[in-house]
Amino acid sequence: MLRIYDTRARQVERIDAGRALRMYTCGPTVYRHAHVGNLRTYVLSDLIRRVLERRRVRVVACQNITDVGHLADSSAEGAAEGEDKVLAQARAEGRSPLELARFHEESFVADASALNLRPPEHMPRASESIDLMVELIAKLIEQGHAYTVPDGSVFFDARTFPSYGELSGNRLDALRPAHRIEAVDPRKRFHADWALWKPAEGELTWDTPWGRGFPGWHVECSAMSLRFLGSRFDLHLGGIDLRFPHHEDERAQSDAAAGHEVVRHWVHGEHLLFDGRKMAKSTGNVVLLSDVVAEGLDPLAVRLAFLEHRYRQQMNLTWDTLRAADRTVRRWRARVAEWSESVSAPLSKDYADRVEAAFDDDLDTPAALRILRELERDDSVAPGAKFETFLHLDQVLALDLSIEIGKAKVLPPGAGELLEARERAREAKDWPASDRLRDKLADLGVRVSDTSEGQTWE
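Attention in this report is confined to the structure presented alongside it.

Thresholds, definitions, all that
- Residues numbered from 1 in each chain as written.
- Predicted model: local features only at pLDDT ≥ 70, side-chain atom pairs only at ≥ 80, totals over all residues.
- Heavy atoms only, no water.
- Pairing = 2+ DSSP bridges.
- Helix = DSSP H or I, 4+ residues; strand = E, 2+ residues; numbered from the N terminus.
- Axes fitted to C-alpha atoms, helices over the stretch in contact; angles between N-to-C directions.
- Contact = heavy atoms within 4.5 Å.
- Expected span 1.5 Å × (residues − 1).
- Buried < 20%, exposed > 50% of the residue type's maximum accessible area, 1.4 Å probe, protein only.
- Phe/Tyr/Trp six-rings, centres within 6.5 Å; stacked < 30°, edge-to-face > 60°.

Describing the sheet that holds strand 5 (residues 146-148)
Then comes step 1: Strands sit in the order 5-6-7-8 across an open sheet of four strands; the sheet is antiparallel. Two strands close off the open sheet at either side, each with one partner strand: strand 5 and strand 8 (213-215). Averaged over all pairs of adjacent strands, the angle between strand axes in this sheet comes to 20 degrees, irrespective of strand direction.
Then comes step 2: Across three bridges, strand 6 (residues 154-156) lies against strand 7 (residues 194-199) in antiparallel orientation. Bridge assignment links F155 to a residue of strand 7, and that residue is A195.
Then comes step 3: Across the face of the sheet, helix 6 (residues 243-258) comes into contact with strand 6 and strand 7 while running at roughly 85 degrees to strand 7.

Here is the structure:
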């Protein structure tokens, strides 16, 4: 069974799911396109799901859509910053804020489909779950975990949750004022308290017993996860940047309301860099999945590039690594199509077991891919067995390795020119150049053989 690193426990733990497992993933904030760094978290979620389902575990997944909070235009905390940039963008495009959010949500869903991410059973929108949040906030006030202030704000009283900090290590007695995202606020009883409800007027605000406003970001995930997965669920996923304060605050809210530990295991994926720099709009270093496709690369090259690194390892993605992953995906598809025409044979249990053991070992996908490359080169394994093994493991890899089966053989772009150059090199008896060109063709998924009648390819 899958063993994975639990952020709260600070160790790798076995996931004892039984026949079913409930999993929550913090979804996208849909005020902009998701870049490939954002998408790494959702590939992690999908990978965990596929590994568990391979073990015949039924996974019930919930992934929210954050389409409020960040979109509100007037609050005590945000007024000093002027008009919300998202609202300004929506107005410039002649859209309402929710229309803008739906546009980016559709873009995210399209990217998820292109990466072969299985859709979650539940995908609630924050804007359609306000009643759940109001109900949760009222319960926290009643229990003494939250308090109201005269302007209509509601804050969570952090000191009522003694185990705060178990996820991130940021204990309340060590937190300094202004150490958190929110600046020091005189309305708070304690500087580390956070807003559950914020007063505001205008678009995307709602009436509540405390006044008109919108929910704090952290309370959204608590309300939706409790509603759709219940007061006890198995896995909570997100990027490492969400560990503090978002997940720390979310855990406090959920556990305080439920009266017990809600989440059994917290799992976080590491940051992704691009060309050695943080991927963020503020740095001007943003790459979208559509940018990858515009470069002529298969979107699943991104998925394979992610699998080349362990999820807990900070990853530096580059165009060179994406091109290399693209060549591998295309080569494996060509090989699978070739092997499909061979005599049928059972899958190689030895190789399959080794790859699956790597998956189970805290998602050691780099080891799994090394074993697959070893299988690809192993001449002692029948082509029919390689075919069955690769397709069996593609249930987890999700690289569409079968899509070339039965298709007419068409050279990939650039291969024709390389074949002609190799023909000339052989005529000139330039064997080193011939060998280099053969290797380049192999990278494109084209295998060249030399016969008495000249070179052939497949």
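Back to the text.
Points about the pairing of strand 2 (residues 11-14)
Then comes step 1: By the bridge criterion, four bridges tie strand 1 (residues 3-6) to strand 2 in an arrangement that is antiparallel. Bridge pairing in strand 2 places Y5 opposite V12.
Then comes step 2: Connecting strand 1 to the antiparallel partner strand 2 that follows it, the hairpin turn spans four residues, and R10 within it adopts a positive phi of roughly 60 degrees.

A short note on helix 12 (residues 383-397)
Then comes step 1: Compared with an ideal rise of 1.5 Å per residue, which puts 15 residues at 21 Å, helix 12 spans 20 Å between its outermost C-alpha atoms and is within 8% of the ideal.
Then comes step 2: Along helix 12, the positions that sit buried rather than exposed are G384, A385, K386, F387, T389, F390, L393, D394, V396 and L397.
Then comes step 3: Following helix 12 by one or two positions, A398 has its phi on the positive side, about 60 degrees.

Observations regarding the packing of aromatic side chains
Then comes step 1: Taken as a whole, this structure holds eight aromatic pairs when the rule is applied.
Then comes step 2: Between Y42 and F108 the ring centres are 5.1 Å apart and the planes differ by 80 degrees, which places this aromatic pair in the edge-to-face class. Of this pair, Y42 sits in helix 1 (residues 36-54) while F108 sits in helix 3 (residues 97-114), and the two are 66 residues apart along the sequence.
Then comes step 3: Relative accessible area serves as the criterion here: at 3%, F108 is assigned to the buried category.
Then comes step 4: Taking 5.5 Å as the distance between ring centres and 80 degrees as the angle between the ring planes, the aromatic pair formed by W332 and F390 counts as edge-to-face. One end of the pair, W332, is in helix 9 (residues 319-339); the other, F390, is in helix 12, and 58 residues separate them in sequence.
Then comes step 5: According to the relative accessible area criterion, W332 is buried, its value standing at 0%.
Then comes step 6: A relative accessible area of 1% means that F390 is categorised as buried.
Then comes step 7: One aromatic cluster is present, built from ring pairs that chain together F156, Y164 and W194.

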